[in-house]
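The residues making up each chain are set out below.
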Amino acid sequence: MNGRFPRASTAIVGAATFGEGRCPGYEPYDMAAIAARNALAEAGLSFADVDGVFVTTSNDTFGGGMNFAQYCGIQPKVADNSRTGGNVFESYVERAAWMLDAGLIDCALIAYGSNQASSIGKLSRTSQPFVYEAAYNPLMPMTGYALAAKRHMHLYGTTKEQLGEVALAARAWAQLNPYAYSRTPLTMEEYMGARMIVDPFGKLDCCLVTDGAAAVVMTRADRARDLARPPVAVLGAASMTTHANIAAMPELTETALAECGPRALAQAGLTTAEIDVVQLYDAFTINPILFLEDLGFCPKGEGGRFVADGAIAPGGKLAVNTNGGGLSCVHPGMYGLFTIVEAVRQLRGECGQRQVGNARTAIAQGNGGVLSSQAVAVLGVE
């Protein structure tokens, strides 16, 4: 490896989801394996072709790479079960691209599965409260994101209504997606009247709690051209972590995406003006506002005004979270892989009523922890 990202030397050749919403009777491995099987089948491949496994599930913090590979009957050269949060899937794309380009592996499978909604009915917790925050009884992760939102409001004049624009845009996209969990119309009055959770967040500022699984398959570009579906090239990918706990975040209104986002775009040789579709990790309504700023779609502090007046809704100036996002489509604990699947489907022209016309380039972004770890993949089609 020469330190230069292998632009367009690898591609995503299969993408699938399974069990969005509620999926009773299935375990996380069942769900991830079904999504994986379907993603492989799209490309005309099977588990026998896989030699790199990158997996995370809601119930297996350690050892998931080995256990999932065994479940699927795979004996991989590489088995990765990193746990940085919902951004890990874009990081998996980054690592898989390097490994494929170097010839270490030939076919990478990236998978996730979670039955958190049907099994426990709430967000799965995999960590203990930070000792210096626990005394204040924070409702994590909501409290952490609420701190960032309040700080953004204080510094830049961002309003509750501007947060609402994010929720309304997500719901409008979800209404065009038959697989979205929340598809009922949403008004600003309903948003503003929602039950308060953690100031300034009401219920509709917070992501869904659902089941769901997703998977994507990657291989080298020369092989990808001979497979069943049009390949989606990986043009750039980058990641960065700044902290673990919100009390240690260097600046509450600036995430690591401010560093790794422009780096991935530079790898791809693209500017934000050349991106057709943006899939962001919208665990809370403040997230897209922060992430659009940090990616460079608007200056820092302008995110609230950028999303106003339906700008990121269907028919707006920028197509953001076209499946309905984590706010209205699906959020099974970790959402990052679903941003990749939706980006791939948009670039392959498979999205029906929500399809963005002539989409050629896309960003898929993942967020982990309490704005702790960020990763981004830039994708495109020939």
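Residues numbered from 1 in each chain as written. Predicted model: local features only at pLDDT ≥ 70, side-chain atom pairs only at ≥ 80, totals over all residues. Heavy atoms only, no water.

Assignment of secondary structure puts Asn-321 in the loop between strand E10 (319–320) and helix H13 (325–328). Judged by relative accessible area, which is 3%, Asn-321 ranks as buried. From its side chain, Asn-321 meets the backbone nitrogen of Leu-280 in a polar contact 2.6 Å long. (Helix = DSSP H or I, 4+ residues; strand = E, 2+ residues; numbered from the N terminus. Buried < 20%, exposed > 50% of the residue type's maximum accessible area, 1.4 Å probe, protein only. Polar contact = N/O pair within 3.5 Å; in protein donor to acceptor, adjacent residues only side chain to side chain.)

With that settled, the discussion passes to the pattern of salt bridges. Under the defined criterion, the tally for this structure stands at 15 salt bridges. Close ionic contact of Arg-223 with Asp-49 constitutes a salt bridge, the shortest N to O distance being 3.7 Å. On the criterion of sequence distance, the pair formed by Arg-223 in helix H9 (residues 221–224) and Asp-49 in the loop between helix H1 (28–42) and strand E2 (52–57) is long-range, its members being 174 residues apart. In this structure Arg-223 comes out as partly exposed when scored by relative accessible area, which is 28%. The residue Arg-95 makes a salt bridge to Asp-80 at a minimum N-O spacing of 2.9 Å. Residue Arg-95 is found in helix H3 (residues 88–102), and its partner Asp-80 is found in strand E3 (residues 78–80); the two are separated by 15 residues along the sequence. The partly exposed category is assigned to Arg-95, whose relative accessible area is 27%. Note on Asp-80: relative accessible area 14%, which makes it buried. The network of salt bridges with common partners includes Glu-42, Arg-229, Arg-348 and Glu-350. (Salt bridge = Lys/Arg side-chain N within 4 Å of Asp/Glu carboxyl O.)

Assigned domains within the protein: domain 1 (10–119 + 211–231) and domain 2 (141–205 + 237–380). Residue-level contacts link 34 residues of domain 1 with 33 residues of domain 2. Interface area, domain 1 with domain 2, both sides summed: about 2500 Å², of which 64% is carbon and sulfur. Summed over the shared surface of domain 1 and domain 2, the number is two salt bridges. One salt bridge connects Glu-42 with Arg-348, and the closest N-O pair in it is separated by 2.8 Å. Where domain 1 touches domain 2, the interface holds 13 residue pairs in polar contact (both at pLDDT 80 or more). Elements represented by at least two residues in the side of domain 1 that touches domain 2 include exactly strand E1 (10–21), H3, strand E4 (107–114) and strand E7 (211–220). Tallied by class, the residues present in the side of domain 1 that touches domain 2 amount to 14 nonpolar, twelve polar and eight charged. (Domains from an automatic or database assignment. Contact = heavy atoms within 4.5 Å. Buried area = accessible area lost by both parts, 1.4 Å probe. Nonpolar A, V, L, I, M, F, W, Y, C, P; charged D, E, K, R; others polar.)

Within the secondary structure layout, Arg-345 lies in helix H14 (residues 336–347). Glu-350 is the oppositely charged side chain nearest to the buried, salt-bridge-free Arg-345, at an N-O distance of 4.8 Å. Beyond its immediate chain neighbours, meaning those up to four positions away, Arg-345 contacts Ala-15, Ala-16, Thr-17, Glu-350, Cys-351 and Gln-355. (Lys, Arg positive; Asp, Glu negative; His and termini not counted.)

With an omega dihedral of 5°, the bond running from Met-140 to Pro-141 counts as a cis peptide bond. The residue Pro-141 is located in the loop between helix H5 (131–134) and helix H6 (142–156) in this model. At the junction of Asp-199 and Pro-200, the peptide bond is cis and its omega measures out at 10° in the coordinates. On the secondary structure map, Pro-200 appears in the loop between strand E5 (196–198) and strand E6 (201–202).

A word on H1. Its 15 residues give H1 an end-to-end C-alpha distance of 21 Å, which sits within 8% of 21 Å, the value for a rise of 1.5 Å per residue. Counting buried residues in H1 gives twelve out of 15 residues, a clear majority hidden from the surface. Among the residues making up H1, those that are buried are Pro-28, Tyr-29, Asp-30, Met-31, Ala-32, Ala-33, Ile-34, Ala-35, Ala-36, Ala-39, Leu-40 and Glu-42. After H1 finishes, the residue Gly-44 shows a positive phi value of roughly 80°. (Expected span 1.5 Å × (residues − 1).)

We now examine the sheet that holds E3. Read across the sheet, ten strands follow the order E3-E2-E4-E7-E1-E8-E12-E11-E9-E10 without closing on themselves; strand pairing throughout is mixed. In the strand order of this sheet, the two ends are held by E3 and E10, each with one partner. (Pairing = 2+ DSSP bridges.)

We now examine the pairing of E7. Burial runs high along E7: nine of the ten residues are buried. Note that E1 and E7 share nine bridges and pair antiparallel. Counterpart to Ala-11 in the pairing with E7 is Thr-219. In this structure, E4 lies alongside E7, joined through eight bridges in antiparallel fashion. Note on E7: the bridge partner recorded for Cys-107 is Thr-219.

Along the chain, Gln-353 falls in the loop between H14 and strand E11 (361–368). In this structure Gln-353 comes out as exposed when scored by relative accessible area, which is 66%. Taking the C-alpha atoms as reference points, Gln-353 and Ala-228, separated by 125 residues in sequence, lie 24 Å from one another.

Per the counting criterion, the structure on display carries eleven aromatic pairs. Aromatic pair Phe-54 and Tyr-92: ring centres 5.6 Å apart, planes at 50°, arrangement tilted. Taken together, the residues span a long stretch of sequence, with Phe-54 in strand E2 and Tyr-92 in helix H3 at a distance of 38 residues. Accessibility assignment for this pair places Phe-54 and Tyr-92 in one class, buried. The rings of Phe-54, Phe-89, Tyr-92 and Tyr-112 are connected pair by pair, giving a single aromatic cluster. (Phe/Tyr/Trp six-rings, centres within 6.5 Å; stacked < 30°, edge-to-face > 60°.)

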